[in-house]
Amino acid sequence: MNAPAFLGMIVLPLGGSPLIYLAGRLSGPRRATVVAQILAVTVLAAAWIPFVVSAQGPMPTPWTFGTVSLRLDGLGLLLAAVALGLGLLVALFSGSYLARDIGQEKFFAMLTAMVGVMIGLGVAGDLFNLWMWFEAMAVCSYLLVAFHREQPAALEAGVKYLFQSATGSILVLIGVALVFAETATLDLAEIQAVATASPTLLAAGALFVIGFGVKTALVPMHTWLPDAHSMAPSGISAMLSGVVIEAGLVAMVRSVGALSGATPVWGAVLLALGAVNMLVGNLMALRQTQVKRLLAFSSLAHVGYMLLGIGVAALAGSALGAQGGLFHLVTHGMMKGLAFLAAGTLLFTLNLARGDHAPLVIADLGGAARRYPLAALALSLGVLGLGGIPPLAGFMSKWQIFVAGAGVGTVIVAALVVFAALNSVLSLAYYAPLVNAVYRRQPSEAVIEGAPMPKAMSVPLIVLGIAILAVGVWPAMMDWLTVPAGQAVAALFGG
């Protein structure tokens, strides 16, 4: 059987990862960063070729090799686009950011491998291999979270992340065993066809929600997130928030969707979890003075918007709801990626370039626009888009979720839409001070003493900034990606 083109999106990053590490090691410490970065960028750029080939034609038939079953659908294609796009920009950004660190070849090798693993997770066709990809993603991301292992706080964040991820993985594996015991199959399509109401499958679904929910940062399984985001290199913070938690969401949706025939409860569960995530995420972000921790907690709220859209699809069979939730997955990846990379640029120029590993706080941003206008503009675009200000991308994706929810016609869902809209307004209470700091305050001491901004860091900021504006003005440009993904999710839940 001929291998489909989409396999290249997985094989290129996974096959290139060890080559990146070896080339970096063999090139010597002075050239390791340049060599590893060039190879990582080349590999991730090359992976766009099979992506384009796969996106242009009809979805290929499932591909099976031994016990590995892979199926590309709209949901897998959407996750691949976000992983490849943000991964490539993070690889471009991180060369200058890590120039003073050792072990850059490990960083770029693991970053590339993590992208390939997430794409594999998105196309997994059976529960066991979905779990295996999920585990591989956890290992890659753990090594990147704890990259600055000489710092005790980074090691602590990495251990906390690893422990909670391992706990979630064990719960998922138990759920997989329960499903197999009940249905005698692990193939997701076959499970969906034969699943019937039973306490065993209900218990398995609950384990999937909890286990995958750890990586998705569902409240109260979110406690790893602020430490991991704040201590990881800023490029990895962007990946964690912009892709990794979304990959966990995709895994949860696929596994729970396969059990949707057993009980209709999952739509209500997703809506309830979304509401809790929005409120807790916003309230926790309001308390933060560290920029990266603030952005980390805001990710909880944005997972809530995605759950609202997908929950509407699960509850009412609305493909528009799923499309809106997944549209927000894409825009959140762009906006949060931009916000973290802009914050990372300022962290580097104000602190890291001077050998200071102190966290970036809001007070440090005072007057940053006068000396670092591009970074200040990028940070502003990112956070204002996250706050839902038109005509930025975040407004359009939230609006689509709200329209889909209002169209359901039930009082509870309509109340949740109003609740979500109010939470969007509430989020401006912590986003606005960041914009106010960079533009309206006198330059802080950190800004006055800051180092010049490396030119290489400007490319990802410009690309993401333009994308956020373009998608906000012309949201239909993403329909080719979000419509098939929304239809795939709606089909999972019987829509």
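Look above for the structure.
These notes cover the structure that comes with them. (Residues numbered from 1 in each chain as written. Predicted model: local features only at pLDDT ≥ 70, side-chain atom pairs only at ≥ 80, totals over all residues. Heavy atoms only, no water.)

**Let's talk about the side chain of Thr482**
Here is step 1: Inspection of the secondary structure assignment puts Thr482 in helix α21 (residues 479-492).
Here is step 2: Discounting chain neighbours no more than four positions away, the residues touching Thr482 are Leu78, Gln323 and Phe327. (Helix = DSSP H or I, 4+ residues; strand = E, 2+ residues; numbered from the N terminus. Contact = heavy atoms within 4.5 Å.)

**Comments concerning the packing of aromatic side chains**
Here is step 1: Summed over the entire model, instances satisfying the criterion amount to 11 aromatic pairs.
Here is step 2: Centre to centre, the rings of Phe51 and Trp480 are 6.3 Å apart; their planes meet at 75 degrees, and the pair counts as edge-to-face. Highlighted residues: Phe51 in helix α3 (residues 48-56) and Trp480 in helix α21, separated in sequence by 429 residues.
Here is step 3: The exposure class assigned to Phe51 is buried, which follows from its relative accessible area of 3%.
Here is step 4: Ring centres of Phe395 and Trp399 lie 6.1 Å apart, and the angle between their planes is 20 degrees; this geometry places the pair in the stacked category. Separated by 4 residues within a single helix, Phe395 and Trp399 lie in helix α17 (residues 393-406), roughly one turn from each other.
Here is step 5: The partly exposed category is assigned to Phe395, whose relative accessible area is 26%.
Here is step 6: Residue classification places Trp399 among the partly exposed residues on the basis of a relative accessible area of 48%.
Here is step 7: By way of ring pairs, the aromatic residues Trp48, Phe51 and Trp480 are connected into one cluster. (Phe/Tyr/Trp six-rings, centres within 6.5 Å; stacked < 30°, edge-to-face > 60°. Buried < 20%, exposed > 50% of the residue type's maximum accessible area, 1.4 Å probe, protein only.)

**Remarks on the pattern of salt bridges**
One side chain can pair with another of opposite charge once the charged atoms of both are near each other.
Here is step 1: A full pass over the atoms with the stated rule returns 5 salt bridges.
Here is step 2: Linking Arg71 and Asp187 is a salt bridge whose minimum nitrogen-to-oxygen distance equals 2.5 Å. Highlighted residues: Arg71 in the loop between β2 (68-70) and α4 (74-97) and Asp187 in the loop between α7 (152-183) and α8 (188-194), separated in sequence by 116 residues.
Here is step 3: The exposure class assigned to Asp187 is buried, which follows from its relative accessible area of 14%.
Here is step 4: A salt bridge links Asp227 to Arg293, with the shortest nitrogen-to-oxygen separation between them at 2.9 Å. Note that Asp227 is positioned in helix α10 (residues 225-231) and Arg293 in helix α13 (residues 291-316), a separation of 66 residues in sequence. Considered together, Asp227 and Arg293 belong to a single accessibility category, that of buried residues.
Here is step 5: One salt-bridge network, held together by shared partners, links Lys160, Asp227 and Arg293. (Salt bridge = Lys/Arg side-chain N within 4 Å of Asp/Glu carboxyl O.)

By themselves these figures say nothing about function.
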